[in-house]
Amino acid sequence: MSALLEVKNVSVRFGGLMALKDIGLAVCAGEVLSVIGPNGAGKTTLFNVITGRVRPTTGEVLFRDRPIHLAPAFRIAQMGVVRTFQKTEVFGVLPLMEGVLAGALARGDTDPEARAREALETVGLAAKMHLRADQLSYGDQRLLEIAQALAANPTVLLLDEPASGMNHQESAQIVRLIGELRTRGFAIVLVEHNMHVVMSISDRVIVLNYGEKIAEGAPETVRADRNVIEAYLGVQPPDASSTTISGGADAVA
Amino acid sequence: MADLAILGQHLLNGLLIGCAYALIAIGLTMIFGVMNIANFAHGEFYMIGGFATFYLVSLLKVNYFLALPLAVVIVVVLAIIIQQVIFKRLRDAPVMTTTLVTIGLSLLLEHLAHLLWGPQPQTIPNPFPTAPMSFAGIYTTPLYLFAMAITAALIVVGHVLIQRTRMGKAMRATFQNKEAAALVGIRIDSIYLYAFGFGAALAAAAGAVLGGFIPVEPTMGGVATLKAFVVVILGGMGSFVGAIVGGLLLGLAEGLGAGYMSSGWKDAIGFVAVILLLLFRPDGLFKRG
Amino acid sequence: MADIKPKPRHPLAPAATALVLLALFALPQFVRNEYLLHLCIVSAIFVIIALGLNLIVGYVGQLSLAHAAFFALGAYVSALLFIKFKWSMWIGLPAAALITGIIAFALGWVILRVRGHRFVIITVAFAEIMKLVATNWIDVTRGFMGLPGLTIPALYIPGLGAIDLSSKERFYYVALTAAILTFWLCAKLVGSSIGRAFVLVRENEVLAESLGISAFRYCMIAFVAGAAMAGAAGSLYGHYVGFVSPDLFNFSYVTIMLIMVILGGKGTLIGPVLGAVIFTFLPELLREASHYRMVLFAAILILATMFMPRGIIFPLVEHLAPLLPRAWRKKP
């Protein structure tokens, strides 16, 4: 299957610092690609490059084989590449519906309310439709962010730590939601620290450390990778063949 | 040679104004950087500095050289009151709120000045002989040289305070990253107070010193604020060096402009420069610092 | 605050609107005092200005201090067209709106790429440049001497001939119609998807952009529309007063416009209207004490901005007038 979204040889330099070095990835429809790595590894910068908030110093980003890395952020969103943020972003004091239909409005949808209602139903917030965004609990606000993104009718979803700060029950809900979205055909790139979520839902995993890609592959393969263990724990794995990251990675991340 | 003398004259005329702009802009930059407030009332500190000096000298018969620092102290006290009563409550307020408040403050101070001191422009009486001196065909007066010396010295002092003292370093740290500064134990409220007072002091000093030949009147604050903003934008909105260099350059440009173009248009130089700058170099001429 | 369920439109809403309109149109029958009529006319003109400024300040949330400059620009355009080409206000007004809109477009193209503090200061710089041009381009604008001799045109109706509109009573209808038209346009704009996008940009620009809304585009729309309204108002004002001068560029105009919008209630439709009316009448009551008045206004502006972000008038109205149509009271 051809890739919907491709990142090719992207490097980003901020002043004297290389935030990303020669990063490449590809994701297809109906696939969940997780990007993991210690804090500061460049994951959010990667999202910023894909969505046009930051221009790559070198390299390009292709969506449906067309370069998008120089387009303005709002244009990229209109094309179908939509993200959520690490720090919850909602439309404050507006009624829920007004914020969720933003994406539909942007695309000139004839019935933005309908699109918003669908999105809210998908994430399971339909019952709270009449509330204001700032009246929701933290967990619900994270779901709201995904609804906002969905209403923009994306093809590619970039989710930035959607399960952060959530308890076990809430993260399970997120995992179910992501699975549902995958079945519907979205291409999903997920940045996450919660290893349970990453291991349960990812088709492939990429590991970043200090802006470089140090591992890529199926979740179990990556988990056993020496470089990854070293990056997370800062030490050499005691026995190369038998050590895997389980709960330890959660503790470090 | 005569042409060179004329050029020199215009440059000299502009130099003092440039130093005044630089002083006012340094303070504005400090307030903007530390408190994230575009202080539209900044020029009023300049104006009140001038009026305070005038009344100290002419009404209270205070010695001119004593009146200058005294006037600055008076303005700093006023600034402290304003900071404690108003801006302390607006610590994390949005841009529109703080800007509107400073606009209101500017109006308040300007019209209070009208009520207290009347609209008449007042020149501050000073002990310098008025006879002009000349070097190589360029004319100046002792007062002018004194004013130049003081403003230049204050710019240097300001620079040293910012770069070398503990307080200066603390202010710059807050400038760069407020949260980090708070985390390492810098008391943000104190910093705000110092930054605001510091800015007001420099502006007041400029007003006090220039009041000897530029007559002081209530509306002069508005123009000073605008020019200071122009300088701050040209300098990059966060750079002290930019404020100093920008202030001097603007002063010199206006001096030349007043000399070679009609004086009405000279004020446009700064404003046009700002808009052009935005077209071609949106990040200003200098980097943050 | 309780959760917001959609309220049914108040059954009396259309009746209330009709009543208000009727009262406004009948006003000159009851108010004969020339001076009061004058204030009503000026209020109507400032309603147009305030509604326009409200689009930029209240709806997209950018503080533009160039609004008075657009007002004065419109006045000058209309005046120059009248003096050079003998074009009456009927042409001058739309021309003023158009040309002001075009200049706002060009300016916005450059300066709306930055927002926050820099934007505010640039708008001031622009206003100052305009003032300097009006003052110094003596060949065209006659500088401080201004452009006198502007007249209110007659209205030609086939069958009825020329109706003279120069009495205060008659011109009131012109101003009132323009104000109502502007209000209607704003209501349509604000209720449309453009208006909803305005609010999204104001509430969280970064989020709006990430969902496909171009903040630049919507700021431009608000900026240009607001400027065109100010320009139209300038034309009305110039012809009414009969004289145009660089004083129109004074910073005091922009402050009073801001006070009208902020204290009246930014981000609503009725707020600027009330603000315009009240702050046209109020200064006149304190006319003799102009500096005291400005000190008072400045203090009110500071206090209201700090403690009453929804304005002073609007919350009062909310308590006193539940009969107003819901759309007029739409919360930001």
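Thresholds applied
Residues numbered from 1 in each chain as written. Chains lettered and ligands numbered in written order. Predicted model: local features only at pLDDT ≥ 70, side-chain atom pairs only at ≥ 80, totals over all residues. Helix = DSSP H or I, 4+ residues; strand = E, 2+ residues; numbered from the N terminus. Rg over C-alpha atoms; globule rule 2.2 N^0.38 Å. Buried ≥ 20, exposed ≤ 12 C-beta atoms within 10 Å, placed from the backbone. Contact = placed C-beta atoms within 7 Å. Pairing = 2+ DSSP bridges. Axes fitted to C-alpha atoms, helices over the stretch in contact; angles between N-to-C directions. Nonpolar A, V, L, I, M, F, W, Y, C, P; charged D, E, K, R; others polar. Core = buried A, V, L, I, M, F, W, Y, C linked by C-beta atoms within 7 Å. Parallel < 35°, antiparallel > 145°, perpendicular 65-115°, else oblique. Expected span 1.5 Å × (residues − 1). pLDDT = per-residue confidence, 0-100. Left-handed = near helix turned anticlockwise from the far one by under 90°.

A.B. asks: Help me out: how do you make sense of the overall build of chain A in this one?
C.D. replies: A tally of helices and strands in chain A yields eleven helices and ten strands. Taken over C-alpha atoms, the radius of gyration comes to 18 Å for chain A, in line with the 18 Å a tight globule of 253 residues would show. Projecting the C-alpha coordinates of chain A onto the three principal axes gives extents of approximately 55 × 40 × 35 Å. For chain A, the residues scored as buried account for 46% of the 253 residues in total. When contacts within chain A are restricted to residue pairs at least 6 apart in sequence, those whose partners lie at least 24 apart make up 60%.

A.B. asks: Looking at this model, I keep getting lost on the overall build of chain C. Mind explaining?
C.D. replies: Scanning chain C for helices and strands turns up 14 helices and four strands. Projected onto its principal axes, the C-alpha positions of chain C cover 55 × 45 × 45 Å. Out of the 332 residues in chain C, the part that is buried amounts to 51%. Taking all contacts inside chain C whose residues are at least 6 apart in sequence as the whole, residues at least 24 apart take part in 78%.

A.B. asks: I keep staring at the sheet that holds strand β9 (residues 204-209) of chain A and nothing clicks. Help me out?
C.D. replies: Paired through backbone hydrogen bonds, the strands of a sheet run either parallel or antiparallel to each other. Residue and element names in this part refer to chain A. Taken together, the six strands give an open sheet; going across it, the order is β6-β7-β8-β3-β9-β10, and neighbouring strands pair in mixed fashion. Strand pairing shows two members of the sheet lacking a second neighbour, β6 (81-83) and β10 (212-217), which therefore form its edges. The average undirected angle you get between the axes of adjacent strands in this sheet is 20°. Relative to strand β7 (residues 156-160), β6 runs parallel, the two sharing three bridges. Across the sheet, Val-82 pairs through a bridge with Leu-157, a residue of β7. Along the sheet, helix α1 (residues 43-50) contacts β3 (31-36), β6, β7, β8 (187-191) and β9; its crossing angle with β7, the most-contacted strand, is approximately 150°.

A.B. asks: What's the story with the interface of chain C and chain A in this structure? I'm lost.
C.D. replies: Size of an interface: often given as the accessible area lost when the parts come together. Counting from both sides, the interface comprises 19 residues of chain C and, opposite them, 24 residues of chain A. Looking at the side of chain C that touches chain A, the elements that each hand over two or more residues are α8 (193-203) and α9 (205-210) of chain C. Sorting elements by how many residues they give to the side of chain C that touches chain A places α8 of chain C first, with six residues. Here the side of chain C that touches chain A is built from residues that sort into nine nonpolar, five polar and five charged.

A.B. asks: I tried to follow the nonpolar core on my own but got confused; where do I start?
C.D. replies: Of all hydrophobic cores here, the largest spans 289 residues; its most connected members are Leu-23, Ile-24 and Ala-204 of chain B. Sorting elements by how many residues they give to this core places helix α10 (residues 215-241) of chain C first, with 17 residues. Filtering out sequence-adjacent residues up to four positions away, Leu-23 of chain B remains in contact with Thr-151, Leu-154, Ile-155, Leu-202, Ala-203, Ala-205 and Ala-206 of chain B.

A.B. asks: Would you mind going over the sheet that holds strand β1 (residues 5-14) of chain A with me for this structure?
C.D. replies: Residues and elements named next belong to chain A. Pairing in this open sheet of four strands is antiparallel, and the strands run β2-β1-β4-β5 from one edge to the other. Each end of this open sheet is capped by a strand with a single partner; those strands are β2 (17-27) and β5 (66-67). Of the pairings in the sheet, the one linking β1 to strand β4 (residues 58-63) comprises five bridges and is antiparallel in character. Bridged to Leu-5 within β4 is Phe-63.

A.B. asks: Whenever I open this one, the packing of helix α5 (residues 142-164) of chain B against helix α6 (residues 166-176) of chain B confuses me. Can you help?
C.D. replies: Helix packing geometry: the angle between the two helix axes and the distance between the axes. Residues and elements named next belong to chain B. Here α5 crosses α6 at 70°, and the two axes come no closer than 5 Å. In this view, α5 runs roughly perpendicular relative to α6, as classed from their interaxial angle. Here Leu-161, Ile-162, Gln-163 and Arg-164 of α5 lie close against α6, whose contacting residues are Gly-168, Met-171 and Arg-172. Tallied by class, the residues present in the contact of α5 with α6 amount to three nonpolar, two polar and two charged.

A.B. asks: I'm lost on the interface of chain C and chain B in this one. Help?
C.D. replies: On the chain B side, the residues contacting the 34 residues of chain C number 36 residues. Residue contributions to the side of chain C that touches chain B peak at 13 residues, all from helix α5 (residues 117-136) of chain C. Residue composition of the side of chain C that touches chain B, by class: 23 nonpolar, eight polar and three charged.

A.B. asks: Explain helix α8 (residues 188-210) of chain B here, please?
C.D. replies: Side chains that are three or four residues apart share a direction in an α-helix, a result of its 3.6 residues per turn. With 23 residues, α8 of chain B extends 33 Å between its outermost C-alpha atoms, agreeing within 8% with the 33 Å of an ideal straight helix rising 1.5 Å per residue. With 19 of its 23 residues buried, α8 of chain B lies for the most part within the structure.

A.B. asks: Is there a simple way to think about unusual backbone geometry in this case?
C.D. replies: The phi angle of most residues is negative, glycine excepted, and most peptide bonds adopt the trans form. All names here are of chain B. A positive phi angle, close to 55°, is found at Asn-36, a residue other than glycine. Residue classification places Asn-36 among the partly exposed positions, given that 18 C-beta atoms sit within 10 Å. The phi dihedral of Lys-61 falls on the positive side, at around 55°, and the residue is not glycine. Of note, Lys-61 is situated in the loop between α2 (42-58) and α3 (64-85).

A.B. asks: Which parts of the structure should I look at to understand the confidence of the model for chain C?
C.D. replies: Residues and elements named next belong to chain C. For chain C, the mean per-residue pLDDT works out to 85, and 90% of the residues sit at or above 70. Between the elements of chain C, mean pLDDT differs from a low of 68, seen in helix α14 (residues 313-320), to a high of 95, seen in α10. Counting contacts from residues 1-8, a segment whose pLDDT is below 50, to residues more than four positions away or on other chains yields nine contacts. For this predicted complex, the interface score ipTM comes out at 0.86, alongside a pTM of 0.86.

A.B. asks: I keep staring at the pairing of β1 of chain A and nothing clicks. Help me out?
C.D. replies: Residue and element names in this part refer to chain A. Sheet analysis places β1 next to β2, joined by seven bridges and oriented antiparallel. The residue bridging Glu-6 from the neighbouring strand is Ala-26, located in β2. Hairpin connection between β1 and β2: a loop of two residues separates the two successive antiparallel strands, and Gly-15 in this loop has a positive phi of roughly 60°.

A.B. asks: Where do I start with the environment of Met-145 of chain C in this structure?
C.D. replies: Residues and elements named next belong to chain C. Position of Met-145 among the secondary structure elements: in the loop between α6 (138-141) and β1 (147-148). Overall, Met-145 belongs to the exposed group, with 10 C-beta atoms counted inside 10 Å. Note: C-alpha distance between Met-145 and Ser-245 (100 residues apart in sequence) is 6.9 Å.

A.B. asks: I would appreciate a short explanation of the confidence of the model for chain A in the present structure.
C.D. replies: Do not read the fine detail of predicted coordinates wherever pLDDT is low. Residues with a pLDDT of 70 or more make up 91% of chain A, whose mean pLDDT is 86. The low-confidence segment residues 240-253 of chain A (pLDDT under 50) makes 18 contacts with residues lying over four places distant or belonging to another chain.

A.B. asks: Explain the environment of Val-47 of chain C to me, please; I cannot follow it from the model alone.
C.D. replies: Residue and element names in this part refer to chain C. Structurally, Val-47 is set in helix α2 (residues 34-59). For the pair Val-47 and Ala-230, spaced 183 residues apart in sequence, the C-alpha separation works out to 9.9 Å. In contact with Val-47, not counting residues within four places along its chain, are Ala-179, Val-273, Ala-276 and Val-277.

A.B. asks: Looking at this model, I keep getting lost on the packing of helix α3 (residues 67-85) of chain C against helix α11 (residues 251-265) of chain C. Mind explaining?
C.D. replies: All names here are of chain C. α11 packs onto α3 with a crossing angle of 115° between their chain directions and a minimal axis gap of 8 Å. As α3 runs across α11, the sense of the crossing is right-handed. Contacts between α3 and α11 pair His-67, Ala-68 and Phe-71 from the former with Tyr-253, Val-254 and Met-257 from the latter.

A.B. asks: Mind showing me how you'd approach the environment of Tyr-210 of chain A here?
C.D. replies: Residue and element names in this part refer to chain A. With respect to the secondary-structure elements, Tyr-210 resides in the loop between β9 and β10. For Tyr-210, a count of 15 C-beta atoms within 10 Å puts it in the partly exposed group. For the pair formed by Tyr-210 and Ala-114, sequence separation is 96 residues and the distance between their alpha carbons is 43 Å.

A.B. asks: Explain α1 of chain A to me, please; I cannot follow it from the model alone.
C.D. replies: All names here are of chain A. For α1, the tally of buried residues reaches eight of eight residues, placing the bulk of the element in the interior. All buried positions along α1 are accounted for by Lys-43, Thr-44, Thr-45, Leu-46, Phe-47, Asn-48, Val-49 and Ile-50. Phi turns positive one or two residues past the end of α1, at Gly-52, with a value near 85°.

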